[in-house]
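Residue strings, one per chain:
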Amino acid sequence: WVYNIHDQVESLGPKVVFGYMITTFGSVIVGCALWFGLANKSAALWAGFVGWIGTWALGMVGVVFFMKKRMDENPGKWTWKSMFYELTLKDVMDLKHDLSEIV
């Protein structure tokens, strides 16, 4: 997410970009905290997975909400597919393209 993040924030808005980052990393942190923090190892495994998936799902509800608001601000500019591509893969593809010109 670091590569061309300023372009992504300008295009999608800070709530979408940073919300997605917090959702992705925050859900892993919650899952790990439950998995490694509970004494009962059997319960910890399930709690970790449920915490990870649950936190991620709740976070993505917020991200999708902010994506919809951004789509409504610019009617016709975005589709769900184009917005998810911009959020998840465009920076990676831009980095690949820029590096392939050098290497």
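Residues numbered from 1 in each chain as written. Predicted model: local features only at pLDDT ≥ 70, side-chain atom pairs only at ≥ 80, totals over all residues. Heavy atoms only, no water.

J.: Account for the overall build of the protein chain, naming residues and giving values.
T.: Each helix and strand in the protein chain was counted, giving five helices and zero strands. Ordering the α and β elements of the protein chain from the N terminus gives α-α-α-α-α. Its C-alpha radius of gyration of 17 Å places the protein chain more than 25% over the 13 Å reference for a compact globule of 103 residues. Projected onto the principal axes, the alpha-carbon positions of the protein chain cover approximately 50 × 40 × 20 Å. Counting every position in the protein chain, which comprises 103 residues, the buried fraction comes to 25%. Here the analysis covers contacts within the protein chain between residues at least 6 apart in sequence; of these, 54% occur between residues at least 24 apart. Looking at the protein chain, you have 9 positive and 9 negative side-chain charges, and the mean spots of the two groups are 10 Å apart. (Helix = DSSP H or I, 4+ residues; strand = E, 2+ residues; numbered from the N terminus. Rg over C-alpha atoms; globule rule 2.2 N^0.38 Å. Buried < 20%, exposed > 50% of the residue type's maximum accessible area, 1.4 Å probe, protein only. Contact = heavy atoms within 4.5 Å. Lys, Arg positive; Asp, Glu negative; His and termini not counted. Charge placed at Lys NZ, Arg CZ, Asp CG, Glu CD.)

J.: Give me the lowdown on the side chain of Arg70, citing residues and values where you can.
T.: Its place among the elements puts Arg70 in helix α3 (residues 41-73). Within the local environment of Arg70, its side chain forms a polar contact with the backbone oxygen of Glu10, the two atoms lying 3.0 Å apart. Not counting residues up to four positions away in its chain, the partners in contact with Arg70 are Glu10, Ser11, Leu12, Gly13, Trp78 and Met83. (Polar contact = N/O pair within 3.5 Å; in protein donor to acceptor, adjacent residues only side chain to side chain.)

J.: Any details on the packing of aromatic side chains? Residues and values, ideally.
T.: Going through the model one piece at a time under the given rule, you end up with five aromatic pairs. Where Phe49 meets Trp52, the ring centres are 6.4 Å apart and the plane angle is 55°; that geometry is what we call tilted. Within this pair, Phe49 and its partner Trp52 are both found in helix α3, separated by three residues, close to a single helical turn. One aromatic cluster is present, built from ring pairs that chain together Trp35, Phe36, Phe49 and Trp52. (Phe/Tyr/Trp six-rings, centres within 6.5 Å; stacked < 30°, edge-to-face > 60°.)

J.: Give a detailed account of the nonpolar core, specifying residues and quantitative values.
T.: Counting 12 residues, the largest nonpolar core consists of Leu12, Val16, Val17, Tyr20, Met21, Met60, Val63, Met67, Met71, Trp78, Met83 and Leu87. Mapped by element, the contributors of at least two residues to this core are α2 (14-37), α3 and α4 (80-88). Other than its neighbours up to four places away in sequence, Trp78 contacts Ser11, Leu12, Arg70, Met71, Met83 and Glu86. (Core = buried A, V, L, I, M, F, W, Y, C linked by side-chain atoms within 4.5 Å.)

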